[in-house]
Amino acid sequence: MENPVIDKLCTQEKRELVSLIHEMRKLTEGRFSPSETDSFRSLMRRGLHSSSPHDEKRLPKAIITLKSALLFAQAIDPDHNILLAIGLYPMAKDGVISIQDVGREYGEDVASLLKGLFAVDKFSNKNNVVNQDNFRGLMLSLADDIRVIIIMIVRNLALMRAINHHPDDEWVRNVAFEASCLYAQLAHRMGLYKIKGELEDLALKYTNRDIYTQIAHKLNETKRSRDAYIKSFIDPLKAKLEAAGLKFDIKGRTKSISSIWNKMKKQKVDLQGIYDLFAIRVIIDTPREKEKSDCWLAYSILADMYTANPARMKDWISIPKSNGYESLHATVMGPGSKWVEVQFRTKRMDLIAEKGLAAHWRYKGVKGDSTDQWMNNIRDILETAETGPMQLMKDMRLDVYGKEVFAFTPKGDLFRLGAGATVLDFAFHIHSNVGSHCTGAVVNGQHRKITYRINSGDTVEILTSSNQTPKSDWLNIVVSTKARNKIKQSLNEEMQRRADLGKEILERRAKNRKIELEEAVLMKLINKTGYKYANEFFADMADEKIDAGKFLATYIEETTAKTEGPKISAGEYQMKRSDEEPTAKNDVLVIGDKTINGLKYKFAKCCSPIYGDDVFGFISSDGMVKIHRCDCPNATNIRERYPYRVIRADWSGKQGDMLPVSLKIIGNDDIGIMANITSIISKEMNVNLRNISVDSHDGMFQGILVVAVNDQRQLTLLLKKLKTIKGIKDIQRL
């Protein structure tokens, strides 16, 4: 029977698709019943007839699906349910078969896997690097069933293999970024080291092809000499191990291109400067009860032949990694003074190292293995994290690659923690409530502070107090993501409690004074006072750092100004100005035509005009005339919105009362500089210092001076004298 999708593919793709089908038949022979095979073939014919062979990026869907299934069967295991889920997924996505029908025909476990894949597909859109909610949704979907993680890792590798020289460079970079930062980390954590290495190599290839090509080219140039060196290292070691009666396989390899590039960057050397470019693996065939002793025997033989570097010794046989990895790593000085890494493991250990947790993953109903522990840690990170996706990815990388320490409770329970973990990390690892009330610990019989860094083998007894609560500086003490997120969560809850109290205080004061608080005006004033978040403002009000009565007075001024017309500038409140000047006593202004003297007027606080400034008048809603400088920050807005309420205003020719002027001053925070400023002002005739507000930071100060002067000439003279003070950087009229 003709296949409509195969007919649409090019000749090369047809050959590739037929070859993949034959390979899958060989690998899965005997794993599917005849009825399942017939049902699946019938479904494929329907699905292929109704669907396009290409996805949105023009990659043949059938080929990618078969490659994913084949890769899973080869690299991990030809598992019946997972291979069905991989094959059925594109047909279920195209609506050829429903999840309910899959459950009835192939079993609820296959349907459950498809549900997990659909949940992932809902969020995975290659834009997760900028969409925090999508990223967290994707990760939580992955974390629901470990087999979904395995499928996604394999699918991602199949995709990465297929997109070399793809025309859409931006899309390729996004796929490569996600592969490196997410799927490679998950593969590493699950012990899928081959897949992890290939994903990172391909990610480097697609994001920095020049570097990848240079390293690959140099490795090819030196392959003959490198192979010869590895042989010269292996041959004598092989003879010694055989003489000791050990059964084993031994092989050598060069480290991955991405690993070499990372070392070159970290050590700031070229390829020739990488001291552990070689790695030898010794796989011992021995019974389970003799595994540790035979691995240590092989190590002792190596240490007798070559000088070992104790700082590079890694013992994951005595205490395996959380992903089940077991191996003994040693770095020795080989012939020609070259460092070589040698790994000792048994056949059983090598199976787990090659296929990771997937070699013995949990199915539903099986609990308590290291997989469950890791998945719970992932959920802790995702469900409590409040940062964006980049930080989440960083946390994932830290949790994946961080070394581990092991400590005991007084009852003998063994806990696994990241390197550098403190007493506080240990406390939060036990329980968030224990961590929140931790005051210290007794470590190996000695009292230690919460900052004490735990060493492997320590016995730790946490000390708590009901009066203890998390502090912000605790974030600088802990190293684990779980502890950091729990502390942030607790601090946010405490701030919210204080903010609620502060808001209640303000609302009660407002009610007593019969003031209706408008949310928009309230938020505007909070921003004007320098607070980015309202919660911080209300928390400070609860702590009495802000006076509720004074703030309400400012609120009244703001709402009053709104009803009068133009908006007052933010500087009005930040400058701590004195109350607005009363109606002028002397008839020093001529308002409008010179024949209508005597109108009531006030000087606008937003620009504080003084005698000699170019001014204009603005008639407010109550008939009062506000006098503004022509260069007032609000002048443009007033003239555009209320041109019919703007009138001419001139000084009458005789000097009036002293009026306030606000000056912004910036300078070095030197000893005596403020004394010099106040001294000059006090010596000036007809100049009074009304108010001064100064804030200093990092050796500089910034202040607002409010001075009263008679006219513009006096102000100009004062500014000139203030600018002569040593250390003054800038001084301006507001």
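The model shown is predicted, which means the values in this text are computed figures rather than measured ones.

### Overview of the overall build of the chain
Next up, step 1: Broken down by element type, the chain carries 28 helices and 20 strands.
Next up, step 2: Scored against the burial criterion, the 734 residues of the chain give a buried share of 48%.
Next up, step 3: Restricting the contact set of the chain to residue pairs at least 6 apart, pairs at least 24 apart contribute 68%.
Next up, step 4: Of the roughly 37,200 Å² of accessible surface on the chain, a fraction of 49% belongs to carbon and sulfur atoms.

### Thoughts on the nonpolar core
Next up, step 1: Counting 60 residues, the largest nonpolar core has Leu88, Leu114, Ile153 and Met160 as its most contacted members.
Next up, step 2: Broken down by secondary-structure element, the contributors of at least two residues to this core are helix H2 (11-27), helix H4 (61-75), helix H5 (80-93), helix H6 (99-106), helix H7 (108-123), helix H9 (146-162), helix H10 (169-189) and helix H11 (193-207).
Next up, step 3: The biggest single contributor to this core is H9, with eleven residues.
Next up, step 4: If sequence neighbours within four positions are ignored, Ile153 has contacts with Tyr183, Leu186, Ala187, Met190, Leu192 and Ile195.

### Looking at the pairing of strand S8 (residues 414-418)
Next up, step 1: Two elements, strand S7 (residues 404-408) and S8, share five bridges in a ladder whose sense is antiparallel. Note that in S8 the partner of Phe406 across the bridge is Arg416.
Next up, step 2: Following S7, the chain reverses through five residues before pairing antiparallel with S8; Gly412 in that reversal takes a positive phi of roughly 100°.

### So, a nonpolar patch on the surface
Next up, step 1: On the surface, a nonpolar cluster with roughly 210 Å² of combined accessible area is contributed by Leu689, Ile692 and Val694.
Next up, step 2: Tracing the backbone through its elements, the reader meets Ile692 in strand S18 (residues 688-697).
Next up, step 3: A relative accessible area of 34% means that Ile692 is categorised as partly exposed.

### Examining the environment of Leu491
Next up, step 1: With respect to the helices and strands, Leu491 occurs in helix H21 (residues 481-512).
Next up, step 2: Assessed through its relative accessible area of 22%, Leu491 is described here as partly exposed.
Next up, step 3: Between the alpha carbons of Leu491 and Thr469 there is a distance of 9.0 Å; along the sequence they are 22 residues apart.
Next up, step 4: Ignoring sequence-local partners within four residues, the contact set of Leu491 consists of Pro470, Lys471, Ser472 and Leu475.

### A few points about the state of the cysteines
Note: disulfide means a covalent bond formed between the sulfur atoms of two cysteine side chains.
Next up, step 1: For the structure on display, the rule yields zero disulfides.
Next up, step 2: Free of any disulfide, Cys630 has its nearest neighbouring cysteine sulfur in Cys607, separated by 9.2 Å.

### With respect to the pattern of salt bridges
Next up, step 1: According to the stated counting rule, one finds 16 salt bridges in the structure shown.
Next up, step 2: The salt bridge partner of Lys196 is Glu200, with a shortest N-O separation of 3.5 Å. Within this pair, Lys196 and its partner Glu200 are both found in helix H11, separated by four residues, close to a single helical turn.
Next up, step 3: In this structure Glu200 comes out as buried when scored by relative accessible area, which is 11%.
Next up, step 4: Residues participating in the shared-partner salt-bridge network are Arg288, Glu291, Glu326 and Arg348.

### Some words on unusual backbone geometry
Next up, step 1: Its identity is not glycine, yet His165 carries a phi of approximately 65°, on the positive side.
Next up, step 2: Relative to the helices and strands, His165 resides in the loop between H9 and H10.

### Digging into the confidence of the model for the chain
Next up, step 1: Here the chain averages 76 in pLDDT, while 77% of its residues score no lower than 70.
Next up, step 2: Within the chain, strand S9 (residues 438-443) carries the highest mean pLDDT (93), whereas helix H25 (residues 571-574) carries the lowest (30).
Next up, step 3: Across residues 562-588, where pLDDT falls below 50, the model places 74 contacts with residues more than four positions away in sequence or in other chains.
Next up, step 4: Counted against residues more than four places away or in other chains, residues 592-596, with its pLDDT under 50, gives four contacts.

### So, the environment of Gln714
Next up, step 1: Turning to its location among the elements, Gln714 is positioned in helix H28 (residues 712-722).
Next up, step 2: When the C-alpha atoms of Gln714 and Val687 are compared, they prove to be 7.9 Å apart, with 27 residues separating the residues in sequence.
Next up, step 3: If we ignore the near neighbours within four places in the chain, the residues touching Gln714 are Met685, Asn686, Val687 and Val709.

### Considerations on the environment of Lys503
Next up, step 1: Note on placement: Lys503 falls in helix H21.
Next up, step 2: In the structure, Lys503 is positioned 39 residues away from Ala542 in sequence and 7.9 Å away in space, judged by C-alpha atoms.

### Description of the sheet that holds strand S10 (residues 446-448)
Next up, step 1: An order of S10-S9-S11 is seen for the three strands of this open sheet, with the pairing classed as antiparallel. Single-partner strands in this sheet number two, and they are S10 and strand S11 (460-464). Averaged over neighbouring strand pairs, the angle between their axes works out to 30° when direction is ignored.
Next up, step 2: Both S9 and S11 contribute to a ladder of five bridges, which runs antiparallel. By the bridge assignment for S11, Ala441 is matched with Ile462.
Next up, step 3: Together, S9 and S11 form the strand contacts of helix H19 (residues 423-430), whose direction differs from that of S9 by roughly 105°.

### A look at the side chain of Thr422
Next up, step 1: Here Thr422 is to be found in the loop between S8 and H19.
Next up, step 2: When residues no more than four places from it in sequence are discounted, the contact partners of Thr422 are Ile450, Thr451, Tyr452, Arg453, Ile454, Ile477 and Val478.

### Examining the packing of H4 against H5
Next up, step 1: Two elements in contact, H4 and H5, have axes whose closest approach is 10 Å; the angle formed by their N-to-C orientations is 170°. Comparing the axis directions of H4 and H5 gives the class roughly antiparallel. Counting all contacts with H4, which are made through Lys61, Thr65, Ser68, Ala69, Phe72 and Ala73, the residues of H5 involved are Ile82, Leu83, Ile86, Gly87 and Pro90.

### Examining the packing of aromatic side chains
Next up, step 1: This structure, assessed with the given rule, holds seven aromatic pairs.
Next up, step 2: Between Phe233 and Tyr306 the ring centres are 4.7 Å apart and the planes differ by 15°, which places this aromatic pair in the stacked class. Here Phe233 is found in helix H13 (residues 223-243), whereas its partner Tyr306 is found in the loop between helix H15 (291-305) and strand S3 (307-308), with 73 residues between them in sequence.
Next up, step 3: Given the relative accessible area of 12%, Tyr306 is considered buried.
Next up, step 4: Measuring from ring centre to ring centre gives 5.5 Å for Tyr531 and Phe537, while their planes differ by 80°; the resulting arrangement is edge-to-face.
Next up, step 5: Taking relative accessible area as the criterion, Phe537 reaches 1% and is therefore assigned buried.

### With respect to the side chain of Glu326
Next up, step 1: With respect to the helices and strands, the residue Glu326 is situated in the loop between strand S4 (314-315) and strand S5 (328-334).
Next up, step 2: When its relative accessible area of 13% is taken as the criterion, Glu326 is described as buried.
Next up, step 3: Of note is the side chain of Glu326, whose polar atom sits 2.9 Å from the side chain of Arg348.

### Some points on H4
Next up, step 1: Between its first and last C-alpha, H4 extends 21 Å over 15 residues, near the 21 Å set by a 1.5 Å rise per residue.
Next up, step 2: For H4, a buried count of eleven out of 15 residues is recorded, marking the element as mostly surrounded by other parts of the structure.
Next up, step 3: Ala62, Ile63, Ile64, Thr65, Leu66, Ser68, Ala69, Leu70, Leu71, Phe72 and Ala73 are the residues of H4 that are buried.

Criteria and cut-off values
Residues numbered from 1 in each chain as written. Predicted model: local features only at pLDDT ≥ 70, side-chain atom pairs only at ≥ 80, totals over all residues. Heavy atoms only, no water. Helix = DSSP H or I, 4+ residues; strand = E, 2+ residues; numbered from the N terminus. Buried < 20%, exposed > 50% of the residue type's maximum accessible area, 1.4 Å probe, protein only. Contact = heavy atoms within 4.5 Å. Areas by Shrake-Rupley, 256 points an atom, 1.4 Å probe, with all protein chains shown as cover. Core = buried A, V, L, I, M, F, W, Y, C linked by side-chain atoms within 4.5 Å. Pairing = 2+ DSSP bridges. Patch = residues over 30% accessible without salt bridge, like charges linked within 9 Å, V, L, I, M, F, W, Y side chains within 5 Å. Salt bridge = Lys/Arg side-chain N within 4 Å of Asp/Glu carboxyl O. Disulfide = S-S within 2.5 Å. pLDDT = per-residue confidence, 0-100. Axes fitted to C-alpha atoms, helices over the stretch in contact; angles between N-to-C directions. Parallel < 35°, antiparallel > 145°, perpendicular 65-115°, else oblique. Phe/Tyr/Trp six-rings, centres within 6.5 Å; stacked < 30°, edge-to-face > 60°. Polar contact = N/O pair within 3.5 Å; in protein donor to acceptor, adjacent residues only side chain to side chain. Expected span 1.5 Å × (residues − 1).

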